[in-house]
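What the coordinates show
These are the residues of each chain, in order.
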Amino acid sequence: MRPWPQFWFPLPCLLLLLSACNVNPPNLRGTWREAQENIPGLAEAETLLTGGGFDRRAEPPEPDGAALRLWLGNRRAHAMLVQATGERRLWRTPGGFAVATDGARVVATAGLAQALVASQQDGADPLADPRALVSRGRNLRRQVDLSSRDREPSGMRFGLQLDCRLRARALPEETATLMVEERCSSPQLADFTNRFWADAETGAVLRSEQWIGPNLPALRLEELAPG
């Protein structure tokens, strides 16, 4: 069996991710909205993502340089490019939330109550060419590592197995766009679905909606300026 590829980042990137974990936002647990949606820590996560300074209905200011637009729940923010190594990117919001990407895929996060420490997969990522997923879907085995923000041993979970199936289809309302759905199941985690919107001609992923951990809403990403 081939070894699992591991996404590692240079030391400066790791230090930035770890420092983001130490940001302490206002304690908003137990709010009415959390009780209604049954997602512990949702308000805390949204506040940290935006730095507490953005209205749900307002657009963040246009960034100067490569950036992502992010949504977590109904909150939105932008994340500036901090470092790039090949296809790997490290982004950070003004509020201290950090997200690492490899191509179109989120492979690590820091700054929320729960962190996606690492993402691994067996073989090449089918997202490298979403067009090939239209004629035939692909299975993908993945593993993820999770940690609580305080990085206490009791809050760490390593080697959580994911069995995923990716398939793409053209969108009738957007003929130039492909929709890729990645449905993942796990014996240790609840099932979830990632979604990626790609250019039908080039295969470039334009925006996505990705799982970043249990008890958190999906993180939505859209490129504002190329990195």
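Presented here is an overview of the structure given in this document. (Residues numbered from 1 in each chain as written. Predicted model: local features only at pLDDT ≥ 70, side-chain atom pairs only at ≥ 80, totals over all residues. Heavy atoms only, no water.)

For N215, which is not a glycine, the phi torsion comes out positive at approximately 65°. By the element assignment, N215 lies in the loop between β11 (205-210) and β12 (219-225). (Helix = DSSP H or I, 4+ residues; strand = E, 2+ residues; numbered from the N terminus.)

This next bit is on the environment of A118. By the element assignment, A118 lies in strand β6 (residues 114-121). By relative accessible area, A118 is classed as buried at 5%. (Buried < 20%, exposed > 50% of the residue type's maximum accessible area, 1.4 Å probe, protein only.)

Before going further, it helps to examine the pairing of strand β3 (residues 88-92). Pairing analysis gives 5 bridges linking strand β2 (residues 75-85) to β3, with the strands arranged antiparallel. By the bridge assignment for β3, T85 is matched with R88. Hairpin connection of β2 to β3: 2 residues between the antiparallel strands, including G86 at a positive phi of 65°. The sheet contact formed by β3 and strand β4 (residues 98-102) spans 5 bridges and is antiparallel. (Pairing = 2+ DSSP bridges.)

A few words on the pattern of salt bridges. Should their charged atoms come close, side chains of opposite charge can pair. Under the counting rule described, the total for this entry stands at 10 salt bridges. Here R88 and D102 are joined by a salt bridge, their closest N and O atoms 3.2 Å apart. Taken together, the residues R88 in strand β3 and D102 in strand β4 connect sequence positions 14 residues apart. Across the pair E182 and R105 runs a salt bridge whose closest N-O atoms are separated by 3.0 Å. With E182 in strand β9 (residues 174-185) and R105 in strand β5 (residues 105-110), the pair connects residues that are 77 residues apart, well separated along the chain. Judged on exposure class, the residue E182 and its partner R105 are both buried. Three or more residues are tied together by salt bridges with common partners; here these are R105, D125, R142 and E182. (Salt bridge = Lys/Arg side-chain N within 4 Å of Asp/Glu carboxyl O.)

Within strand β7 (residues 138-148), 8 of the 11 residues are buried, leaving the element largely enclosed by the surrounding structure. By the bridge criterion, 7 bridges tie β6 to β7 in an arrangement that is antiparallel. Within the sheet, the bridge partner assigned to Q120 lies in β7 and is Q143. Of the strand pairs in this sheet, β7 and strand β8 (residues 157-171) are connected by 8 bridges, and their pairing is antiparallel. Note on β8: the bridge partner recorded for V144 is L160.

Below, the discussion takes up the nonpolar core. In summary, soluble globular proteins display a tendency toward joint burial of nonpolar side chains. Residues L70, V144, V180, L189, I212 and L219 are the most contacted members of the largest nonpolar core, which totals 31 residues. Counting residues per element, the ones that place at least two in this core are β1 (67-72), β7, β8, β9, β10 (192-199) and β12. When residues in this core are grouped by element, the largest group, 5 residues, is from β8. If we ignore the near neighbours within four places in the chain, the residues touching V180 are L127, P130, L133, L166, R167, A168, N194, R195 and F196. (Core = buried A, V, L, I, M, F, W, Y, C linked by side-chain atoms within 4.5 Å. Contact = heavy atoms within 4.5 Å.)

All told, the structure shown has 1 aromatic pair when counted by the stated rule. Centroid distance F192 to W211: 4.6 Å. Interplanar angle 10°. Geometry classified as stacked. Taken together, the residues span a long stretch of sequence, with F192 in strand β10 and W211 in the loop between β11 and β12 at a distance of 19 residues. (Phe/Tyr/Trp six-rings, centres within 6.5 Å; stacked < 30°, edge-to-face > 60°.)

Turning our attention to the layout of surface pockets. Estimates place the volume of the largest pocket at around 640 Å³. Along the walls of the largest pocket sit 25 residues, with E87, G103, A104, R105 and V205 positioned nearest its centre. In terms of residue count, the dominant contributor to the lining of the largest pocket is β11 (5 residues). Among the residues forming the lining of the largest pocket, the class breakdown is 10 nonpolar, 7 polar and 8 charged. (1 Å grid on protein atoms, 1.4 Å probe; cavity = no way out; pocket = protein on both sides within 12 Å on 5 of 7 lines; lining within 4 Å. Points joined across faces, edges and corners; volume = space filled by probe spheres on them. Nonpolar A, V, L, I, M, F, W, Y, C, P; charged D, E, K, R; others polar.)

The next subject is empty space enclosed by the protein. Applying the stated criterion across every chain, the model contains 1 cavity of 30 Å³ or more. Volume-wise, the largest cavity comes out at about 50 Å³. Forming the boundary of the largest cavity are R105, V106, L116, R142, V144, N194, Q210 and W211. Taken together, the elements giving at least two residues each to the lining of the largest cavity come down to β5 and β7. Among the residues forming the lining of the largest cavity, the class breakdown is 4 nonpolar, 2 polar and 2 charged.

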